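# Structural description and commentary
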Amino acid sequence: MRYVTLYLAFLRFSFSRAMEFRLDFFFRFVMDLAYYGVNVVLFETLFLHTDTLGGWDIHEARVFMAGFLVVDAINMTVFSNNFYWLPTYINRGDLDYYLVRPVSSLFFLTLRDFAANSFMNLLCAVGILVWALAGNPDPLPLARLPVFALALVCGALIHAMIHMLTILPSFWFESSGGLQVLFYNMARLMERPDRIYTGAVRILLTTVLPFALIASFPARFFWEGLDAGLLAHFLAVMAGLGGLVLLLWKLGLRRYSSASS
Amino acid sequence: MIWMGRYFLSEAKKAFTYRVEFWVGFFGNIASQFAVAYFLWKAIFAQRGAVSMQGFSFLTLMAYYLIAPLMERLVHGGESGQISRDIYEGGLSKYLVYPISFFNAKLMTHLSQTVLACGQLCAVLLLMTWPGPFDLPFDPLAWGACLLLLGLSILVQFAMTACLELLAFWVDNVWSLSVMLRMVLHLAGGSMVPLVFFPEKVQTVFHYLPFQGFIDLPTRLILGHASLLEAGRGMAVAVIWALGLGLTARLFWQRGLMRYSGAGM
């Protein structure tokens, strides 16, 4: 309950701060809308040249696409600003301020800054999802909608944890910028259905670097129903990543000396 | 003119610093973009059972996706935000007292950041012209036209970035506008999909935008998929945009300076 109250305080501060810079708020909102627009146009263009992609027709692929837009929007809203500053805090020795607080430092540092403008984008991404669902000519498996929504939130967590794994080396190295650049480049792999990847790349992208399951598995749960093996795979990857992040965070804090690099 | 050369060299040295991040970014970008394109088009070609689509065989399309990110890198240059940062932090003041032009200095910075990308592009093209799977055709006229088009596109890109960043005189944060421009460039430039895959009406619109000359047209010239007539039209469009954007940037600069206090934010 204490953490819920704290998070509500984060939200209050974030919204009031965002309202101070209204034009910047608007520009950031439009920037993410441009990202959504580019992806919608891209998928519509691809389907001018094919009937299916990764086993999905245009209606199913639209739901998948809207799914990864929602995942992206959740990350931009909840984690992105915090992750941007974290390496700087570590390298400058500014973590002390957060470590002495009577709450989990990981909770505080990863959730403190809620991006109010991206929240508006999250609503737009959900709108695109509703459009994608409404455009499907066949009856929708609406009973699976709660599972789909929950799986998208889990997908967003997986995305955030992979991102976190590229930030945590800041505890050991002067800069983790290269790894983060790599993360942003590789994140585009989640924007295509997982079944287009084959062979060793597919195994890699669904286990060690699980970008391909972030949005694809939730869409598969929705269109194809809950497959026990697929669900176990999804949860195992999430748990594995969660454990690794916690372990590296603890090891990193042990290594942290407050001195700036 | 000598100062411009010296400025260019000093900025080029800066561009070579932080080499690890630079190369990780370079290889990461090329590899991930190529991997996505490879699997995506492999799936589409298999589903269609086609040998070629819109005049592209699978192999030519892969060559396109190897060259396109390098073209984009070359035209885009390096880090954005240089002009706006000077406005926000008050660094612009030094240029007002120096006997050098602010725009020429920034153009040199922009060009210095394209040097490495130019080397990377040349190396990849050289490898691709070698007898092998790609076996690129070498047509001196087409390659020359490509070079000229790229030069003009670099100027257009610089003028476009300058226009956006000069808005920093009035707006608190222009970073998001630069990101937005990059996204539009990605799509309308042909980095995500060659422009011939878009519906014809959309292609007509793209012909009048400057982005086609950034990635799609120069890449297709190299691949032997675009005529010299198309190149000429692309150059004419680029010249018009460069002039228009250059004049707009000049107007923004003159108006913006009236608001500039030099105190930083």
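Summarised in this report is the structure supplied together with it. (Residues numbered from 1 in each chain as written. Chains lettered and ligands numbered in written order. Predicted model: local features only at pLDDT ≥ 70, side-chain atom pairs only at ≥ 80, totals over all residues. Heavy atoms only, no water.)

Turning next to the overall build of chain B. Looking only at helices and strands, chain B has 11 helices and 2 strands in total. Its helices and strands taken in sequence order, chain B reads α-α-β-β-α-α-α-α-α-α-α-α-α from the N to the C terminus. Counting contacts in chain B only where the partners sit at least 6 residues apart, residues at least 24 apart contribute 78% of the total. Each charge sign in chain B was given a centre, from 17 positive and 13 negative side chains, and these centres are 4 Å apart. (Helix = DSSP H or I, 4+ residues; strand = E, 2+ residues; numbered from the N terminus. Contact = heavy atoms within 4.5 Å. Lys, Arg positive; Asp, Glu negative; His and termini not counted. Charge placed at Lys NZ, Arg CZ, Asp CG, Glu CD.)

Moving on, we come to the environment of A:Leu86. All names here are of chain A. Turning to its location among the elements, Leu86 is positioned in helix H4 (residues 80-92). A residue is classified by how much of its surface remains accessible, and Leu86, at 0% relative accessible area, is buried. Between the alpha carbons of Leu86 and Phe171 there is a distance of 10 Å; along the sequence they are 85 residues apart. Excluding anything up to four places from it in sequence, Leu86 contacts Leu95, Leu109, Met164, Ile167 and Trp249. (Buried < 20%, exposed > 50% of the residue type's maximum accessible area, 1.4 Å probe, protein only.)

Let us look at the packing of helix H3 (residues 58-76) of chain B against helix H7 (residues 140-166) of chain B. Residue and element names in this part refer to chain B. Interhelical geometry of H3 versus H7 gives an angle of 50° and a closest axis separation of 8 Å. In this view, H3 runs oblique relative to H7, as classed from their interaxial angle. Facing Met71, Leu74, Val75 and His76 of H3, the residues of H7 in contact are Cys146, Leu150, Ser153, Ile154 and Gln157. Looking at the contact of H3 with H7, its residues break down into 6 nonpolar, 3 polar and no charged. (Axes fitted to C-alpha atoms, helices over the stretch in contact; angles between N-to-C directions. Parallel < 35°, antiparallel > 145°, perpendicular 65-115°, else oblique. Nonpolar A, V, L, I, M, F, W, Y, C, P; charged D, E, K, R; others polar.)

All names here are of chain A. Tallying each qualifying case throughout the model produces 48 aromatic pairs over all chains. Between the aromatic rings of Phe15 and Phe119, the centroid separation amounts to 6.1 Å while the plane-to-plane angle is 85°, which identifies the pairing as edge-to-face. Residue Phe15 is found in helix H1 (residues 2-18), and its partner Phe119 is found in helix H7 (residues 116-134); the two are separated by 104 residues along the sequence. What makes Phe15 partly exposed here is its relative accessible area of 31%. Between Phe43 and Phe68, the ring centres sit 6.2 Å apart and the planes meet at 50°, which makes this aromatic pair tilted. Of the two residues, Phe43 is situated in helix H2 (residues 22-46) and Phe68 in helix H3 (residues 58-78); the sequence distance between them amounts to 25 residues. The burial state of Phe43 is the same as that of Phe68; both residues are buried. It is Arg101 that lies over the ring of Tyr97; its NZ or CZ is 4.3 Å from the centre. (Phe/Tyr/Trp six-rings, centres within 6.5 Å; stacked < 30°, edge-to-face > 60°. Lys NZ or Arg CZ within 6 Å of the ring centre and 35° of its normal.)

Another aspect to go through is the pattern of salt bridges. Residue and element names in this part refer to chain A. By the definition in use, this model includes 9 salt bridges over all chains. Note that Arg62 and Glu44 form a salt bridge whose closest N and O atoms lie 2.8 Å from each other. With Arg62 in helix H3 and Glu44 in helix H2, this pair connects stretches of sequence that are 18 residues apart. Using a relative accessible area of 15% as the deciding quantity, one classes Arg62 as buried. Judged by relative accessible area, which is 26%, Glu44 ranks as partly exposed. (Salt bridge = Lys/Arg side-chain N within 4 Å of Asp/Glu carboxyl O.)

Time to look at the environment of B:Gln54. Relative to the helices and strands, B:Gln54 resides in the loop between strand S1 (52-53) and strand S2 (56-57). Residues contacting B:Gln54, with those up to four places away along its chain left out, are A:His49, B:Val196 and B:Phe197.

Contact with chain B, which involves 35 residues of that partner, is made by 34 residues of chain A. For the pair chain B and chain A, the two sides together bury roughly 3100 Å², of which 74% comes from carbon and sulfur. By the criterion of area lost to chain A, the three top residues of chain B are B:Val36, B:Phe39 and B:Met183, representing 18% of everything that side buries. At the surface where chain B touches chain A, the tally comes to 0 salt bridges. Of all elements in the fold, only helix H2 (19-48) and helix H8 (175-188) of chain B reach the threshold of two or more residues within the side of chain B that touches chain A. (Buried area = accessible area lost by both parts, 1.4 Å probe.)

All names here are of chain A. Counted residue by residue, helix H12 (residues 216-224) has 8 buried out of 9 residues, so it is predominantly covered. In this structure, the buried side of H12 is in contact with H3, H7, helix H8 (145-167), helix H10 (199-206), helix H11 (211-214) and helix H13 (228-255). The positive-phi residue at the C-terminal boundary of H12 is Gly225, with phi of around 85°.

Moving on to the packing of H8(A) against H13(A). Residues and elements named next belong to chain A. Close contact between H8 and H13 brings their axes to 10 Å; oriented N to C, the two are set at 35°. Both H8 and H13 take part in a crossing whose hand is left-handed. In this structure, H8 uses Ala151, Cys154, Gly155, Ile158, Met161, Ile162, Met164 and Leu165 to contact H13, whose residues at the interface are Phe234, Met238, Leu241, Gly242, Leu244, Val245, Leu248 and Trp249. A per-class count over the contact of H8 with H13 returns 14 nonpolar, 2 polar and no charged. (Left-handed = near helix turned anticlockwise from the far one by under 90°.)

Glancing now at the nonpolar core. A general feature of soluble globular proteins is that nonpolar side chains tend to end up buried together. A:Phe68, A:Phe211, B:Trp41, B:Ile67 and B:Val193 are the most contacted members of the largest nonpolar core, which has 175 residues in total. In terms of residues, this core owes the most to one element, H7(B), which gives 15 residues. Dropping the residues within four chain positions of it, B:Trp41 is found in contact with A:Leu46, B:Met53, B:Phe58, B:Leu61, B:Met62, B:Tyr65, B:Val193 and B:Phe197. (Core = buried A, V, L, I, M, F, W, Y, C linked by side-chain atoms within 4.5 Å.)

Once that is clear, we can look at the side chain of B:Asn173. Within the element layout of this structure, B:Asn173 appears in the loop between H7 and H8. In this structure the side chain of B:Asn173 is engaged in a polar contact, spanning 3.0 Å, whose partner is the backbone nitrogen of B:Trp175. Other than its neighbours up to four places away in sequence, B:Asn173 contacts A:Asp24, A:Phe27, A:Arg28 and B:Tyr88. (Polar contact = N/O pair within 3.5 Å; in protein donor to acceptor, adjacent residues only side chain to side chain.)

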